[in-house]
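As a plain string of letters, each chain reads:
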Amino acid sequence: CIVDDKGAVMIGLFGVPHASTGLDAAAAAQAAVDVQRRLVGVSVGVSTGRVFVGCVGPARRCEYAALGDAVNLAARLMGAAAKAHLD
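Rules of the game
Residues numbered from 1 in each chain as written. Predicted model: local features only at pLDDT ≥ 70, side-chain atom pairs only at ≥ 80, totals over all residues. Heavy atoms only, no water. 1 Å grid on protein atoms, 1.4 Å probe; cavity = no way out; pocket = protein on both sides within 12 Å on 5 of 7 lines; lining within 4 Å. Points joined across faces, edges and corners; volume = space filled by probe spheres on them. Helix = DSSP H or I, 4+ residues; strand = E, 2+ residues; numbered from the N terminus. Nonpolar A, V, L, I, M, F, W, Y, C, P; charged D, E, K, R; others polar. Patch = residues over 30% accessible without salt bridge, like charges linked within 9 Å, V, L, I, M, F, W, Y side chains within 5 Å. Areas by Shrake-Rupley, 256 points an atom, 1.4 Å probe, with all protein chains shown as cover. Salt bridge = Lys/Arg side-chain N within 4 Å of Asp/Glu carboxyl O. Buried < 20%, exposed > 50% of the residue type's maximum accessible area, 1.4 Å probe, protein only. pLDDT = per-residue confidence, 0-100. Expected span 1.5 Å × (residues − 1). Arc of directions from axis to C-beta. Lys, Arg positive; Asp, Glu negative; His and termini not counted. Contact = heavy atoms within 4.5 Å.

Here we take up the layout of surface pockets. Taken as a whole, the largest pocket spans an internal volume of roughly 1,400 Å³. Taken together, 38 residues line the largest pocket, and the ones lying closest to its centre are Met 10, Ile 11, Gly 12, Gly 45 and Ala 74. Those elements that place two or more of their residues in the lining of the largest pocket are β1 (2-4), β2 (7-9), α1 (24-38) and α2 (69-86). With six residues, the top contributor of residues to the lining of the largest pocket is α1. For the second largest pocket, the calculated volume is near 220 Å³. Every residue lining the second largest pocket is listed: Cys 1, Ile 2, Val 9, Met 10, Ile 11, Leu 13, Glu 63, Tyr 64, Ala 65, Ala 66, Leu 67 and Val 71. Sorting elements by how many residues they give to the lining of the second largest pocket places strand β4 (residues 63-67) first, with five residues. Here the residues of the lining of the second largest pocket sort into eleven nonpolar, no polar and one charged.

Next up on the list: a nonpolar patch on the surface. On the surface, Ile 2, Ile 11, Leu 13 and Tyr 64 cluster together into a nonpolar patch covering about 410 Å² of accessible area. Take Tyr 64: it is sitting in strand β4. For Tyr 64, a relative accessible area of 52% corresponds to the exposed category.

Below, the discussion takes up the confidence of the model for the chain. With 99% of its residues at a pLDDT of at least 70, the chain reaches an overall mean of 89. Here β1 is the element of the chain with the lowest mean pLDDT, 76, and α1 is the one with the highest, 94.

The subject of this paragraph is α1. For α1, which comprises 15 residues, the first-to-last C-alpha distance of 21 Å matches the rise-based estimate of 21 Å (1.5 Å per residue) to within 8%. Among the residues of α1, Asp 24, Ala 28 and Ala 32 are the ones counted as buried. Within α1, the buried residues cover an arc of 85 degrees as seen down the axis, which keeps them to one side. More than 90 degrees from the buried face of α1, the exposed residues found are Ala 26, Arg 37 and Arg 38.

In this section: the side chain of Asp 24. Considering the arrangement of structural elements, one finds Asp 24 in helix α1. No salt bridge forms around the buried Asp 24; measuring N to O, its nearest opposite-charge neighbour Arg 50 is 11 Å away. Beyond its immediate chain neighbours, meaning those up to four positions away, Asp 24 contacts Phe 14 and Gly 15.

Given below as structure tokens:
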């Protein structure tokens, strides 16, 4: 979970190495629906595709991250959903 001046962002990754079930897209979609049902007023963005997933940064500040077009698309969809809530 990331918290900044815009609020909190939670990122869920499905199909990461050594944890894939083969039904990862369906599990991600179901998780998004569950989050929206349980947490009123949240915005969700879901995308599929190949991304880089792993540790990024120097040893002292290393973070587990997901990077790529699918991550960016999910973030844009979440932003569009948030804007739609305000309109």
